[in-house]
Amino acid sequence: MSEVPSWLLPEDEATRLSSLRSYDLLPALRETVFDELVALTARIFSLPISLIALVDEEHVFYKANYGMPGNEKQPRQEALCSTAILHDKAVVYQDLEQERNPLITVQAAQAARTNQLRFYAGAPLRMPNQQPIGTLCIIDRQPRVFSKDEQRMLEKLAAVVSHTVAVRQVCRTQPDGERRWKMVRLQLQEEVQALRALVRYLLTRYGTTVPVPPALLTQFERRLPDLHELLDQYQYQE
């Protein structure tokens, strides 16, 4: 019997799990492009940790990991990502030591204390059928103010990750799919690396401020349509 409490499961959990498994992500999503995307996310918010988390029936698997080596999976009831799946929207905990959200399980609160985590924000990864299969999350070991503008930026970055996962699946279903996926993956990595360089330059020039000023977020955000445009070239089968 599952140890995950029933109240932590969304109403359409069976459909959500079916969607997750149809993308064959759990055994195969350790690819450099996703590592680049979590590194970019951490850099934008000047935070030490960013993860792509996939929420399965009983465990959360961290398939791309920046800043938290060795953290590969966690029981679902211990993972803060579970609350983003339950809400089906971004969640932000600015200081976990002071957080009194009843949806955070005792196990999740204890795991956060054990790992000395104080700040968490996660945005759902939604597939084309709108089912949330996991989250793009950012973490700090210190409390942190997180603005609405920053939350929107995190959601937009999660949309890029989601789009990448969807395109990967489309490519894999085509006769020449592995070659096509390699092409888009390498192009996307180059674009993400260029955006990381821009972020590094702007933060060096203007300094690191918490929360990130809207003017800087706008400059980062202007580059995201380029990533979607690149992915759109491979979104549909020919």
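Everything quoted here is computed from the prediction, not taken from an experiment.

What counts and what doesn't
Residues numbered from 1 in each chain as written. Predicted model: local features only at pLDDT ≥ 70, side-chain atom pairs only at ≥ 80, totals over all residues. Heavy atoms only, no water. Axes fitted to C-alpha atoms, helices over the stretch in contact; angles between N-to-C directions. Helix = DSSP H or I, 4+ residues; strand = E, 2+ residues; numbered from the N terminus. Parallel < 35°, antiparallel > 145°, perpendicular 65-115°, else oblique. Contact = heavy atoms within 4.5 Å. Nonpolar A, V, L, I, M, F, W, Y, C, P; charged D, E, K, R; others polar. Buried < 20%, exposed > 50% of the residue type's maximum accessible area, 1.4 Å probe, protein only. Pairing = 2+ DSSP bridges.

Caption draft 1: Layout of the packing of helix α6 (residues 177-206) against helix α8 (residues 224-232). At a minimum axis distance of 10 Å, the contact between α6 and α8 shows a crossing angle of 175°. Taken together, the axes of α6 and α8 are roughly antiparallel relative to one another. On the side of α6, the interface is formed by Val184, Gln187, Leu188, Glu191, Val192 and Leu195, while α8 contributes Leu224, Leu227, Leu230 and Leu231. By residue class, the composition of the contact of α6 with α8 is 8 nonpolar, 1 polar and 1 charged.

Caption draft 2: Representation of unusual backbone geometry within the structure. Omega for the peptide link from Val210 to Pro211 comes to -5°, which places this bond in the cis form. Notably, Ser46 is not glycine yet its phi reads approximately 50°, a positive angle. By the secondary structure assignment, Ser46 is in the loop between α2 (32-44) and β1 (49-55). Its relative accessible area of 33% is what places Ser46 among the partly exposed residues.

Caption draft 3: Geometry of the pairing of β1. Taking burial as the measure, the 7 residues of β1 include 7 buried ones, the bulk of the element. Residue alternation in β1 divides its side chains into two sets, Ile49, Leu51, Ala53 and Val55 and Ser50, Ile52 and Leu54, and both sets are buried. Pairing of β1 with strand β6 (residues 132-140), which is carried by 6 bridges, proceeds in the antiparallel orientation. Across the sheet, Leu51 pairs through a bridge with Cys137, a residue of β6. As paired elements, β1 and strand β2 (residues 59-66) share 6 bridges and run antiparallel to each other. Within β2, the position partnered with Ile52 by the bridge is Ala64. Hairpin remark: β1 followed by β2, antiparallel, with 3 residues in the connecting loop.

Caption draft 4: Main features of the environment of Thr164. Positionally, Thr164 belongs in helix α5 (residues 148-172). Here Thr164 falls in the buried class, since its relative accessible area comes to 0%. Spatially, the C-alpha atom of Thr164 lies 9.8 Å from that of Tyr234, the residues being 70 residues apart in sequence. Residue contacts for Thr164: discarding those within four places in its chain leaves Phe34, Leu37, Trp181, Leu188 and Leu231.

In short, shape yes, function no, at least from these values alone.
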